[in-house]
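Close look at the chain arrangement
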2 protein chains.
Amino acid sequence: MKKSEGIDISFAEAVKYDQNGLVPAIVQDVDSGKVLMMAYMNKESLEMTLKERKACYWSRSRQKLWIKGETSGNVQKVEQICIDCDGDTILLKVKQKGGACHVGYHSCFYRQVEGDNESMAICDEKLFDAEEVYGKSSG
Amino acid sequence: MKKSEGIDISFAEAVKYDQNGLVPAIVQDVDSGKVLMMAYMNKESLEMTLKERKACYWSRSRQKLWIKGETSGNVQKVEQICIDCDGDTILLKVKQKGGACHVGYHSCFYRQVEGDNESMAICDEKLFDAEEVYGKSSG
């Protein structure tokens, strides 16, 4: 690590994409601090996010650009963008409209391990009905 | 997604490892909500984390189990373990001793994008001197 600790380069130079050209992005609610989801970005989606300040990802399942909220309306206004020491993970702090999770919860991390590790419990708030928002094919 | 929304299976059954047998784990300070780092777990390190309730990862660079804090003393006591809707990302809520980042910051996400996207600024607190803790080879 250089003396300036990595801020003497541009953000674009700092980002290290993996062998598939992707970088993981952790998404956090800027007000509550709740971790909402993780998604992946390619160069194009990251550039779009920087320009528009609305979160845009690369959908690995659909193999296309994915503007978060394009179907559900649950867009993410990007307030702050951080990068980690290794340059291989991004942290977006966002204002989330509605729920981030396609199942209908505020956060995708709506399940937690219970005491004995063998079971799980719901640990988040459900905000919408997935079928109503995405149609019957959801989930 | 089933009616029980994924809690009718065990945590171990819910976790989906990638083609390298790894799952990313986001690490968040349980008290402040600050996102501290992201690391990867294989089955063995996840089982060790669940058993010991101290964070253990798989080091991709060193290709071995990595008990966080084994060199620095900056261990992570695991208070809560969540999993996302797709089962392919874990969220650990921890009590972090000292700084999480090998550069010496509290969080690995100590750099943020500045207004014009072309520059970055430090946005976190430095807690220790990396050379003192890890030796001259660090960074």
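Read on for an overview of the structure.

1. Regarding the overall build of chain A
- A tally of helices and strands in chain A yields 3 helices and 8 strands.
- Seen in sequence order, chain A has helices and strands lined up from the N terminus as α-β-β-α-β-β-β-β-β-β-α.
- Expressed along its principal axes, the backbone C-alpha trace of chain A runs to roughly 50 × 35 × 30 Å.
- Within chain A, contacts between residues separated by at least 24 positions form 41% of all contacts whose residues are at least 6 apart in sequence.
- Summed over its atoms, the accessible surface of chain A is roughly 6600 Å², and 47% of this surface lies on carbon and sulfur atoms.

2. A short note on the relation of the copies chain A and chain B
- Of the transformation superimposing chain A on chain B, the axial component is 0.0 Å and the angular component is 180°, with the fit at an RMSD of 0.0 Å. These values place the two chain copies in the arrangement generated by a two-fold rotation axis. Within chain A, Gly 33 of chain A has its C-alpha nearest the rotation axis, a separation of 2.7 Å.
- Of the residues that chain A buries at the interface, 100% are likewise interface residues in chain B, meaning the two copies contact each other through the same surface.

3. Examining helix α2 (residues 43-52) of chain B
All names here are of chain B.
- Of all the positions in α2, only Ser 45, Leu 46, Thr 49 and Leu 50 are classed as buried. The buried side chains of α2 occupy one side of the element, clustering within an arc of 135° when seen end-on.
- Just beyond α2, the residue with positive phi is Arg 53, at close to 60°.

Parameters and conventions
Residues numbered from 1 in each chain as written. Chains lettered and ligands numbered in written order. Predicted model: local features only at pLDDT ≥ 70, side-chain atom pairs only at ≥ 80, totals over all residues. Heavy atoms only, no water. Helix = DSSP H or I, 4+ residues; strand = E, 2+ residues; numbered from the N terminus. Contact = heavy atoms within 4.5 Å. Areas by Shrake-Rupley, 256 points an atom, 1.4 Å probe, with all protein chains shown as cover. Least-squares fit on C-alpha atoms with pLDDT ≥ 70 in both. Buried < 20%, exposed > 50% of the residue type's maximum accessible area, 1.4 Å probe, protein only. Arc of directions from axis to C-beta.

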